[in-house]
Amino acid sequence: MIRVILCDDHGLIRRGIRDTLADSTDIQVVGEAGDYSELRGLLHQLGEDACDVLVLDINMPGRSGLDVLHVLKEEGSALRALIVSMYPEDQYAIRALRAGAYGYVNKGGDPALLVQAVRTVAQGRKYVTPEIAQMLVESLTAPVTEQAHHKLSDRELQTLVMIASGKRLSDIAEELTLSPKTVSVYRARVLEKLGLTNNSELTVYAIRNGLVAS
């Protein structure tokens, strides 16, 4: 039996994932958490050995899924994390894999792919879609010159995408459980690193580089 812990701040999303996995007789959801704090408590209660696959969202309040991956990696955790996100593969998949994720699945994709991904990760193998595999090949064969947004931190990239998606700083602060001042600092860093001056230029940059839909 493959034992799964779900970590997503949206109860309805967790329910949908749980119901999808429940259709498979070889998969059992043994715990659920809405954020990093709840996840830590759950792991302390159950023990890491009680979980074969951690299904983890990227966009969570407080510590993001990418933050959680970095923490697990730094702690030398044996947990195998599968990122399930609303963001398209070309925005976060490579970052997630580099941070230690065993796979990346889009929430809007075929539910059967989620089941397949969980089974693959449970076997200790990496799960990548054909799209991600293509991106990995391109990243290996591309010229050494790096796009400017690749130098952004995970939070800075997240801020860039959310601003380019039309969200106000106050909305971003509330969604990420950060202060508006902190989000303003992230925005300022993004502008400086990308050599831009305002939100309009940020949006144009994000669209041109495929970070948001036009």
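Presented here is a report on the structure given in the accompanying data block. Since we're looking at a predicted model, the values are computed, not measured.

1. Describing the sheet that holds strand β2 (residues 27–33)
Strands pair in a sheet through their backbones, by hydrogen bonds, and they do so in one of two ways: parallel or antiparallel. Ordered by their spatial adjacency, 5 strands build an open sheet running β2-β1-β3-β4-β5, and the pairing between neighbours is parallel. Edge strands, defined here as strands with exactly one partner in the open sheet, are β2 and β5 (103–106). Each neighbouring strand pair of the sheet contributes to a mean axis angle of 25°, computed without reference to strand direction. Bridge count for strand β1 (residues 2–7) against β2 is 6 bridges, and the pairing is parallel. Residue pairing in the sheet places Ile-5 in a bridge with Gly-31 of β2. Contacts between helix α1 (residues 11–22) and the sheet are confined to β1, β2, β3 (53–56) and β4 (81–85), with β2 contributing the most and set at about 165° to the helix.

2. Some details on the environment of Ser-153
With respect to the helices and strands, Ser-153 occurs in the loop between α6 (130–141) and α7 (154–164). Placed 75 residues apart in sequence, Ser-153 and Ala-78 show a C-alpha to C-alpha distance of 24 Å. Beyond its immediate sequence surroundings of up to four residues, Ser-153 is in contact with Arg-95 and Lys-193.

Parameters and conventions
Residues numbered from 1 in each chain as written. Predicted model: local features only at pLDDT ≥ 70, side-chain atom pairs only at ≥ 80, totals over all residues. Heavy atoms only, no water. Pairing = 2+ DSSP bridges. Helix = DSSP H or I, 4+ residues; strand = E, 2+ residues; numbered from the N terminus. Axes fitted to C-alpha atoms, helices over the stretch in contact; angles between N-to-C directions. Contact = heavy atoms within 4.5 Å.

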